[in-house]
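Architecture and fold: a report
What follows is the residue order along each chain.
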Amino acid sequence: MSESLAVSGRLTGRDLKRLVRVSRSGTIGPTALYYAGFTAPIISASVALLAKDVARSMGWDTLLQILVSANLAAFAGIAWYLIFIRWSYRNRPGRGTELTLDTQVTVTQACLSVRRGPVETRIGWSGIRKVVTAPGHLAVFIEGADTLIIPNEWFGNDAARRAAFTEFVTSRVSH
C-alpha cells in the first residue's frame, strides 16, 4: 500500500437518510417514552372531564355525555402520545455542513482522518468500534463521535480503489 488512501465527496440528502438509519440505535429514548406514556392518560382524563362538563351544561342526556367525552378523550390521548413521540426523535439529518461542504476521508497506517472545510479530525484505529460494508456505502462507527458514512459514489467507477480502501479500513479495525 502507498502512504495513504483518500476519497472525497459531498453527502446528498439520500446519504444523510442512510446515515441516520445506520447510526440510529433507537428512535426515542426511554425517558421520552416514559413521559409520553405517563402524560397521555392525564391529557385523556382532563379532556374527558372537560367534555363531560360542557355536554352536561348543554343539557345532553347522560349516555351522550359519556360517549362524546370518551371519544374526545381517546383522540386527545392518542394525538398527544404521537405528537410527544415525534418531538422526541433523536437523530435529524443535516447536522451542519454535511450537505454544503466536501468531505475528505484519508486513511494511513496511524489513523483515519476526516476533513470537512477548515475542520480536520483524526481518529486513531483503536477509536473505531466497527466498520460495516453495506450496499451503496461504507459505515465507520467511531467511539464517542458521530458515525461516518462513505458513499460508493465517491469512488466513481473505480471499483479497485473502493475495494482497496474498504479492505485497508476493515483490516485496521479489530472486531
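Heads up: the structure comes first, above all this text.
Residues numbered from 1 in each chain as written. Predicted model: local features only at pLDDT ≥ 70, side-chain atom pairs only at ≥ 80, totals over all residues. Heavy atoms only, no water.

Relative to strand β3 (residues 111-116), strand β2 (residues 103-108) is paired through five bridges, and the arrangement is antiparallel. In the strand pairing of β3, Gln104 is matched with Arg115. Taken together, β2 and the strand that follows it, β3, pair antiparallel across an intervening segment of two residues. As defined by bridge partners, β3 adjoins strand β4 (residues 119-124) across six bridges and the pair is classed as antiparallel. (Pairing = 2+ DSSP bridges. Helix = DSSP H or I, 4+ residues; strand = E, 2+ residues; numbered from the N terminus.)

Moving on to a nonpolar patch on the surface. On the surface, Leu50, Val54, Met58, Trp60 and Leu64 cluster together to form a nonpolar patch covering roughly 470 Å² of accessible area. Here Leu64 lies in helix α3 (residues 62-87). Accessibility expressed as a relative area gives 36% for Leu64, which makes it partly exposed. (Patch = residues over 30% accessible without salt bridge, like charges linked within 9 Å, V, L, I, M, F, W, Y side chains within 5 Å. Areas by Shrake-Rupley, 256 points an atom, 1.4 Å probe, with all protein chains shown as cover. Salt bridge = Lys/Arg side-chain N within 4 Å of Asp/Glu carboxyl O. Buried < 20%, exposed > 50% of the residue type's maximum accessible area, 1.4 Å probe, protein only.)

Along the chain, the position of Val132 falls in strand β5 (residues 128-134). For the pair Val132 and Ile149, spaced 17 residues apart in sequence, the C-alpha to C-alpha distance is 9.5 Å.

Quick look at the sheet that holds strand β1 (residues 4-9) now. Spatial ordering of the open sheet is given by β1-β2-β3-β4, a layout of four strands whose pairing is antiparallel. Strands at the two margins of the open sheet, each flanked by one partner only, are β1 and β4. The mean angle between the axes of side-by-side strands here comes to 15 degrees, regardless of whether they run parallel or antiparallel. Strands in contact with helix α4 (residues 159-172) are β1 and β2; relative to β1, the strand with the most contacts, it is inclined by about 115 degrees. (Axes fitted to C-alpha atoms, helices over the stretch in contact; angles between N-to-C directions. Contact = heavy atoms within 4.5 Å.)

Now for the nonpolar core. The nonpolar side chains of soluble globular proteins are, as a tendency, buried together. In this structure, Leu112, Ile150 and Phe165 are the most contacted members of the largest nonpolar core, which totals 25 residues. At the level of elements, β1, α1 (13-23), β2, β3, β5, β6 (137-142), β7 (148-151) and α4 are the ones that each hand at least two residues to this core. Leaving out residues up to four positions away in the same chain, Ile150 has contacts with Val7, Val105, His137, Leu138, Phe155 and Phe165. (Core = buried A, V, L, I, M, F, W, Y, C linked by side-chain atoms within 4.5 Å.)

By the definition in use, this model includes two aromatic pairs. Geometrically, the ring pair formed by Trp125 and Phe168 is edge-to-face, given 6.0 Å between the ring centres and 80 degrees between the ring planes. Separated by 43 residues along the polypeptide, Trp125 in the loop between β4 and β5 and Phe168 in helix α4 bring together distant segments of the chain. Sitting over the ring of Phe141, Lys130 keeps its end group 4.8 Å from the ring centre. (Phe/Tyr/Trp six-rings, centres within 6.5 Å; stacked < 30°, edge-to-face > 60°. Lys NZ or Arg CZ within 6 Å of the ring centre and 35° of its normal.)

Pairing within the open sheet is antiparallel, and its three strands lie in the order β5-β6-β7. Every interior strand has two partners, whereas the edge strands, β5 and β7, have only one. For this sheet, the mean inter-axis angle between neighbouring strands, taken without regard to orientation, is 15 degrees. Note: β5 against β6, six bridges, orientation antiparallel. Across the sheet, Thr133 pairs through a bridge with Leu138, a residue of β6.

Here α4 spans 20 Å end to end across 14 residues, near enough to the 20 Å set by a 1.5 Å rise per residue. Restricting attention to buried positions, one finds in α4 the residues Phe165, Thr166, Phe168 and Val169. Angular distribution of buried residues about the axis of α4 spans 160 degrees; they occupy a single face of the element. Projecting away from the buried face of α4 at angles above 90 degrees are the exposed residues Ala160 and Glu167. Summarising the contacts, the buried residues of α4 are in contact with β1, β2, β5, β6 and β7. (Expected span 1.5 Å × (residues − 1). Arc of directions from axis to C-beta.)

With that settled, the discussion passes to the pairing of β2. The sheet contact formed by β1 and β2 spans six bridges and is antiparallel. Across the sheet, residue Ala6 finds its bridge partner in β2, namely Thr106.

Without other data, these values stay purely geometric and don't point to any function.
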